[in-house]
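# Coordinates in review
What follows is each chain in one-letter form.
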Amino acid sequence: AELKDEELYSQGHERPEGDFCPICTLAIPLPVVRHSGIMVCCMKSICDGCSAAAGRRGMSRHCPYCRTPMTCNKADQLAMVQARAAKRDPAAIHFLGLTYFHGEMGIQKDIRKAVEITEEAAELGSVEALSHIGYWYTEGVGVEVDEAKGMEFSRKAAMQGNAGSRHFLGMYEFEKCNY
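Per-chain numbering applies: the sequence of each chain, read as written, is numbered from 1 onward. Only residues with pLDDT of at least 70 are given local features in this predicted model, and only at 80 or more are side-chain atom pairs given and counted; all residues enter the totals for whole chains, interfaces and linings. Excluded from the side-chain calculations are hydrogens and water; all other atoms, namely the structure's heavy atoms, are used.

## Some words on a nonpolar patch on the surface
Filter applied, for reference: A patch consists of residues whose relative accessible area exceeds 30% and which take part in no salt bridge; residues with like charges are grouped when within 9 Å of each other, and nonpolar side chains (Val, Leu, Ile, Met, Phe, Trp, Tyr) when within 5 Å. Method for areas: the Shrake-Rupley scheme with a 1.4 Å probe, in which residue coverage is limited to the protein chains shown. Salt bridges, as used here, are contacts in which a Lys or Arg side-chain nitrogen is within 4 Å of a carboxyl oxygen on Asp or Glu. Under the scheme used here, helices are H or I runs from DSSP no shorter than 4 residues and strands are E runs no shorter than 2 residues, and both carry numbers assigned from the N terminus. Think of it in three bands: with a 1.4 Å probe and only protein chains considered, a residue is buried below 20% of the maximum accessible area for its type, exposed above 50%, and partly exposed in between.
On the surface, Met171, Phe174 and Tyr179 cluster together into a nonpolar patch covering about 390 Å² of accessible area. Looking at the secondary structure, you find methionine 171 in helix α8 (residues 163-175). Under the relative-accessibility criterion, methionine 171 is labelled partly exposed at 36%.

## Considerations on the side chain of serine 126
For clarity, the cut-off: The contact criterion used is simple: two residues touch if any of their non-hydrogen atoms lie within 4.5 Å.
Residue placement: serine 126 occurs in the loop between α5 (111-123) and α6 (127-139). Of the residues examined, serine 126 reaches a relative accessible area of 9% and is grouped as buried. The contact partners of serine 126, leaving out residues within four places of it in the chain, are Pro90, His94 and Ala121.

## Examining the layout of surface pockets
Worth spelling out the cut-off: Buriedness for pockets is judged along seven lines, at least five of which must meet protein on both sides within 12 Å for an open set on the 1 Å grid over protein atoms alone, while cavities are sets there where a 1.4 Å probe fits but cannot get out, and lining residues have an atom within 4 Å of a point. Grid points are joined across faces, edges and corners, and a volume is the space filled by probe spheres set on the points. Only Asp, Glu, Lys and Arg are considered charged, only Ala, Val, Leu, Ile, Met, Phe, Trp, Tyr, Cys and Pro nonpolar, and every remaining residue, Gly among them, polar.
Roughly 1,300 Å³ of internal volume is contained in the largest pocket. What lines the largest pocket is a set of 42 residues, and nearest its centre among them are Asp19, Val32, Ser45, His94 and Glu128. Listing elements by their share of the lining of the largest pocket, those giving two or more residues are β1 (36-39), β2 (44-47), α4 (90-102), α6 and α8. Residue contributions to the lining of the largest pocket peak at seven residues, all from α4. Taken together, the residues that form the lining of the largest pocket break down as 21 nonpolar, 15 polar and six charged.

Here is the structure:
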């Protein structure tokens, strides 16, 4: 147990690449989802500042990163995500998994399929997918509770710099009075 703790404490102090805006290269404030928007065309998280700056420059109808014309049509957005997912893009696969989890973009809510898709994204290297899967298994969200499996996914995400997983692990240990 001490070896695992040492490994956890010695790794993951750097934020993952997806926590930085690809335009200004600054770290996006935590939680990233509140301070950025994901562009379904390129699956990049663009900080709110760069999105606002692009809008002031008259580029509000195009992705500020890849310049793809944006659409408000959910079916077109879903098609963009599915095209990237078909090419095995971990971010797109994770996004698709969350779309099934929440029942968005015209997709019927299907938590089992969401877990299956998100596990695939985690296998392909999505740190955010590892974090979600870890939480879902630990708490029994859409799957049978498996604390050991959930904590292992959460540890992997934390060691790769996922702040949410680090927080979750800390709260888990606090609730177990392991401090």
